[in-house]
Structures are given as C-alpha cells and as structure tokens.
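# Structure at a glance
Here's the letter readout for the chains.
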Amino acid sequence: MVDDSAIPVRVNVARLQLIGVMHLQRQRRNHGSQNCQQHNQDSQSFLHVPIEPHSQTFPNRALALSQLSSRGLGIPALSHLSSNAMSSSQIPVLESYGPEHLETAFHALQADVARQAAELRTSEDREQFRLYWLGRKQGRLKLISDAWLKNAPAEARRSLGQHFNQLKQQIEQALEVDPANLAASSAPADAIDITLPGIRPTLGAEHPLIRTMHEIVRVFEHMGYSVGVGPEVETDYYNFEALNFPPNHPARDTQDTLVVANQQQKPLRDRLLLRTHTSPVQIRTMERKPPPIRIVIPGKVHRNDAADATHSPIFHQVEGLCVDENITFSDLKGTLDHAMKELFGSNVRTRFFPSFFPFTEPSADVQISCIFCGGKGCRKCKHSGWIELLGCGMVNPAVFEFVRGRQPAYDPKKISGFAFGMGVDRIAMMKYGISDIGLLYSGDMRFLEQFA
Ligand code: DAH
C-alpha cells in the first residue's frame, strides 16, 4: 500500500480541476516521489510549480482537492490564501523570457482567470477572487510579477509589463460584474427568476351584448322586477297561439323562423320552432304564478332575416311583464320613461306612438330623443330627433284568457297589466357606437378586446 502522505505533487490548479484524481494517481505512478520540478511533456500550458514540501505535500487526495479548490472555484480557500502558504508555491516557473514562453505562461494565467471568473457566484466569491489575484501583499499577480521581473533582462521588461497589464485588466473586468447579476446567474437553469416581469393572464370580459343585457335587467331589478328565462326551442302554442297570433294570421309573417323538421303528425300547437321573441315566457310565467307579477326575461331569439348591418338571424331581447290590479297605461309610460333615463341618461325624453302587436291592446312603439344629437336631428336619427327603441302595450285580455285555463286568477275583469320588449343588440350598438350588428357575433378578438 502506498503511503499518500509522503507524495509531493506538482500543482496546476486549473489542470487539476480538469484532470481530477485519476491524473494525480497516474503522476504518482509515473514519477513516484521524485523531484517535482520535472517537466510534464504532454501539456504545453503546464507550468511547473516549485514545491515547498511543507506547503504542497498533500497528505491524501481528498485533502489535496479540498485545499486546492474553494467550492469548485479553483481558488484556494480563503484561509489558505491568507496564510503564508500562499507564497512562491503559486508562482509558475517561467522557462525563459523568450516571446513564445511568455505567451504560453500568460495564456495559462489568463485561462485561470477566465475559468475562475466564470464561476463567481456571490460577492464573497468575488472578494476572494480579488484578494487571490490583486491582494496588495500576497496577491498572485504581485507575487508573480515580483518573481518574474526580478531577473528579467532589460529587453523583456516591456513585453512582460504589457502582459501583466493585460492580465490585470482581465481581472478588473471580471470584478466589475454586479454581484446581483452574479447571484442571478448562479440560479439553476430551471429556477424561477422572480425578478422577471410576470405573465399577465388575459382576463375574460363580458361581451358587449351580455353587458348591455345585464345593464337593462339591473334597471328593472331596481324597480322590484324579478328575472326569468324560458326555452329557445319553443312550441307554436307559446310562441304564437297563446300570444294571440291565430294559425295563418298575417302577423305571423313578420316573425318567420326555423322549425324543427318532421313534425307534421303533431297538432300545430305542439310543433317546435326556434322562438322568434321572448314574449312566450310571458305566458309560461303567468301559467306558473298568479298575479301580481313583475318580471323581465332576457334571452336569445331567432328569425329568418337576411343578415345585413342592422339585421342578424340571431339577436337578443329583454321582455318585461307587469300584471296586477289597476295597472294602467300611465304605469307603463312612467316605468319605461324611467328605464330609458336610467339607461341613456336623465336628459333623454320618451314618446309613445300607436302600434300593433297581437298580444297587447293598445300597443305602442317607444321612441327616445336622439342620444347623439340631443333631439336636434342628425344622420343617426335620420334628422327626426327621435330613435325608435321598443314595443309595448297593455296585455291583451285575449292573452289572459289563454292563461286562465291554468291560472284562474288572470281574470281580465279583475286584473290588468302591461308588457314591453326591447332589442338588446340595437341598444348595445347605440351605446357603444357599433355600426355593424355582425361584429357582435363575429368572435373577432380585435373587436371584443375593446370591451375588456
Ligand atoms: N315581441 C315583440 C317583437 O319581438 C316585442 C314586444 C312588443 C314585446 C310589445 C312585448 C310587447 O312584450 O308588449 O317584436
């Protein structure tokens, strides 16, 4: 068994790091304990270290490595540096002052500096690196330049000086790196850098139609209305018949829609279709609950309309129904006037024009003063000063008769009510200045992001 403690080795810190323990073993085998000043022929850049036996005799391999590198930096541990052991042992031997040898010697030193600089992680590392190279008394640069300049022939001094300056610059540049960056670069590749700007998750936003729908509903909620919904696939009875559109009545022509196929064997009233308005939910609500009723019903409706800038085969409505004893047309006017002021601003005025809907009698169209010109007249209101916005009327007694079969309390002699229906799309377009209804259904993010 070999006694490790007796073996002095030649030391090249950088090289030792690279070749590791195996090489040490080989050297021991090759050179035994003989003179450590022997050349290592296989490496151009290997510089001989004159060994002072007391400082460079490593009792065993593990200790040798631990003394040579401080946490893998290749810099002898600080305690080691500060001791006098950091002395001529760190001074490589210069074979000659010839340009080639100078070149080789400095090349090796620069490689040392570069490798150590690349491994600096903390400000302590940096300080240790600084002391190791630039320490005023024991710094490697000082010791080496003292040693090499001492015997330098006059003609080599200039070149030596230049080499030392370059080396010093390289060291100083390495020291200029901000310790904060050193810390950042020390993080493992997969670490999370908490100083980077975060990734902002894109939040969804209400579609302008849904937002408008909610606004309308809220106005009525504040007046004590509840909110209901009904099916989009509806029977002919609820969509038409119970709303006083008799079969083959011309009023049906204004609300052409898609019907579910192969239903000819069913009675007309049971045939399914896509609802053309939210009004059928009036009937469904009254069938379920006796008066008093105050309800709004938002929802999607369908019509066989060719799409253009103001028409879409799918659109949205908010239906309203109020039924109780002694409900009058004044209640209707007051309610809708207030709702329009809430939606469009308190300066808005309303006016009611006679109209026709089978399920209301009398019926009216509601106009509001133009929100764009304040009523003076502009292109938007076709220079009339007014914009038509919704239909309404007093619930037709014929409708109560349809409901009465299931809810006897809807006796038209005892109760009365009003109803209204408004197009959400049109109101959204007015509120947000949208000129083409198709944009509301296009799913175009450039359009939708404007409402986020
Ligand atoms: N349902 C009608 C339509 O789609 C709108 C309407 C008018 C609803 C008058 C009503 C109303 O409740 O009373 O054209």
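A short tour of the structure in this document, coming up. (Residues numbered from 1 in each chain as written. Predicted model: local features only at pLDDT ≥ 70, side-chain atom pairs only at ≥ 80, totals over all residues. Heavy atoms only, no water.)

Moving on to the packing of aromatic side chains. All told, the structure shown has 16 aromatic pairs when counted by the stated rule. Ring geometry for Phe329 against Phe352: centres 6.1 Å apart, planes inclined by 70 degrees, an arrangement best described as edge-to-face. With Phe329 in helix α13 (residues 329–344) and Phe352 in strand β6 (residues 350–357), this pair connects stretches of sequence that are 23 residues apart. Look at Phe352 and you get buried, because its relative accessible area is 18%. With a centroid separation of 5.2 Å and 65 degrees between ring planes, the pair formed by Phe447 and Phe451 is classed as edge-to-face. Residue Phe451 is classed as buried on the basis of its relative accessible area of 10%. Taken together, the ring pairs in this structure connect Phe220, Tyr225, Phe418 and Phe420 into an aromatic cluster. Cation over ring: Arg269 sits above Tyr237, and NZ or CZ is 4.2 Å from the ring centre. Across the ring face of Phe372, the terminal group of Lys380 is positioned such that the distance to the ring centre comes to 4.3 Å. (Phe/Tyr/Trp six-rings, centres within 6.5 Å; stacked < 30°, edge-to-face > 60°. Helix = DSSP H or I, 4+ residues; strand = E, 2+ residues; numbered from the N terminus. Buried < 20%, exposed > 50% of the residue type's maximum accessible area, 1.4 Å probe, protein only. Lys NZ or Arg CZ within 6 Å of the ring centre and 35° of its normal.)

Turning our attention to unusual backbone geometry. With an omega of 5 degrees, the peptide bond between Pro291 and Pro292 qualifies as cis. With respect to the element layout, Pro292 can be found in the loop between α12 (280–288) and β4 (293–302). In this structure, Pro362 follows Glu361 across a cis peptide bond, with omega equal to -5 degrees. Relative to the assigned elements, Pro362 resides in strand β7 (residues 360–369). In this structure, Asn244 is a non-glycine residue whose phi angle is positive, near 75 degrees. By the secondary structure assignment, Asn244 is in the loop between α11 (236–239) and β3 (272–274). The exposure class of Asn244 is partly exposed, given its relative accessible area of 24%. A positive phi angle, close to 65 degrees, is found at Asn248, a residue other than glycine. Among the structural elements, Asn248 can be located in the loop between α11 and β3. According to the relative accessible area criterion, Asn248 is exposed, its value standing at 77%.

Right, let's get into the site of the ligand. Taken together, 16 residues lie around the ligand, and His277, Ser279, Arg303, Gln317 and Glu319 are the ones closest in. A distance of 2.6 Å is found between an oxygen atom of the ligand and a side-chain nitrogen or oxygen belonging to Glu319. In the complex, 92% of the free accessible area of the ligand, which totals 360 Å², lies under the protein chains. Listing elements by their share of the shell around the ligand, those giving two or more residues are β5 (314–324), β8 (386–395) and β9 (416–423). Across the shell around the ligand, the residue classes break down as 5 nonpolar, 9 polar and 2 charged. (Near = heavy atom within 4 Å. Polar contact = N/O pair within 3.5 Å; in protein donor to acceptor, adjacent residues only side chain to side chain. Areas by Shrake-Rupley, 256 points an atom, 1.4 Å probe, with all protein chains shown as cover. Nonpolar A, V, L, I, M, F, W, Y, C, P; charged D, E, K, R; others polar.)

Right, let's talk about the nonpolar core for a bit. With 44 residues, the main nonpolar core has Phe220, Leu336, Met340, Phe344, Leu389, Phe420 and Met422 as its most contacted residues. Only α10 (208–221), β5, α13, β7, β8, β9 and α15 (424–432) provide two or more residues apiece to this core. Those residues in contact with Leu336, other than ones at most four positions away along the chain, are Phe220, Phe352, Val366, Leu390, Cys392 and Phe420. Core analysis: the next-biggest nonpolar cluster, separate from the first, contains 24 residues, Leu243, Val323, Phe400 and Ile415 among them. (Core = buried A, V, L, I, M, F, W, Y, C linked by side-chain atoms within 4.5 Å. Contact = heavy atoms within 4.5 Å.)

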